[in-house]
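Working through the structure, step by step
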Amino acid sequence: GTDAFLHEKVCEDPFVYMRERDIQFMYPKRKRIATESCSEGLWEATEEYRKQKGIIPVNNASNSKFGWNADLSLTIFHGFIGLGNLNFFRSKQYMEYAQFLNEDGRIYVNRWSDQTIYVLATAMFLPEKQTQAMPSTLQFAHHAKPAYIEQLQNFVESVL
């Protein structure tokens, strides 16, 4: 089963919405991670990778809400759903970064979250305008079933 539910009818295709606005990644909301130890070493590993490759983060501006700094490794795209352009996630730059983290090994020891890695990768490789929060028309809830799901489940159980 799932633990994420849309609460409203989706009136537009979210991928068309992204394409029309040149958005590479959409997320419900950003928040600080609950357990900082799950991010231990991620900033250092990412900085090591970035320096080895000579990468200057796209979001390097100090006035940006997504500016390049160590707090990014303590941030997640919360909501257990994200919509991304597969061209970005299959790109050489993203795949090399993911491979570096995999070979580093701490991703398994410290339980680095994919949601935190997405924050770092999008800040490193994408302009801020290409990483956006989902519009209100695409909101959903995690662990909270909308009433119509509960009603449908009750109906199915009554028929069986």
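Relevant structure appears above.
Residues numbered from 1 in each chain as written. Predicted model: local features only at pLDDT ≥ 70, side-chain atom pairs only at ≥ 80, totals over all residues. Heavy atoms only, no water.

Digging into the packing of helix H2 (residues 42-53) against helix H4 (residues 92-104)
- Running from N to C, H2 and H4 cross one another at 130°; their axes reach a closest spacing of 11 Å. Comparing their axes, H4 and H2 come out oblique. Between H2 and H4 lies a crossing whose hand is right-handed. Residues Leu-42, Ala-45, Thr-46, Glu-48, Tyr-49, Gln-52 and Lys-53 of H2 touch H4, and the partners they reach there are Gln-93, Glu-96, Tyr-97, Phe-100, Leu-101 and Asp-104.
- Among the residues forming the contact of H2 with H4, the class breakdown is 6 nonpolar, 3 polar and 4 charged. (Axes fitted to C-alpha atoms, helices over the stretch in contact; angles between N-to-C directions. Helix = DSSP H or I, 4+ residues; strand = E, 2+ residues; numbered from the N terminus. Parallel < 35°, antiparallel > 145°, perpendicular 65-115°, else oblique. Left-handed = near helix turned anticlockwise from the far one by under 90°. Contact = heavy atoms within 4.5 Å. Nonpolar A, V, L, I, M, F, W, Y, C, P; charged D, E, K, R; others polar.)

A word on the environment of Tyr-108
- As for its position among the elements, Tyr-108 is in helix H5 (residues 106-109).
- Sequence separation of Tyr-108 and Cys-38 is 70 residues, and the distance between their C-alpha atoms is 9.8 Å.

Overview of the packing of aromatic side chains
- This structure, assessed with the given rule, holds 10 aromatic pairs.
- Aromatic pair Trp-43 and Trp-68: ring centres 5.0 Å apart, planes at 40°, arrangement tilted. Within this pair, whereas Trp-43 is found in helix H2, its partner Trp-68 is found in the loop between H2 and strand S4 (75-78), the two being separated by 25 residues in sequence. Across the pair, Trp-68 and Trp-43 agree in class, each one buried.
- For the pair Phe-89 and Tyr-118, a centre-to-centre distance of 5.4 Å together with 65° between the ring planes defines the contact as edge-to-face. (Phe/Tyr/Trp six-rings, centres within 6.5 Å; stacked < 30°, edge-to-face > 60°. Buried < 20%, exposed > 50% of the residue type's maximum accessible area, 1.4 Å probe, protein only.)

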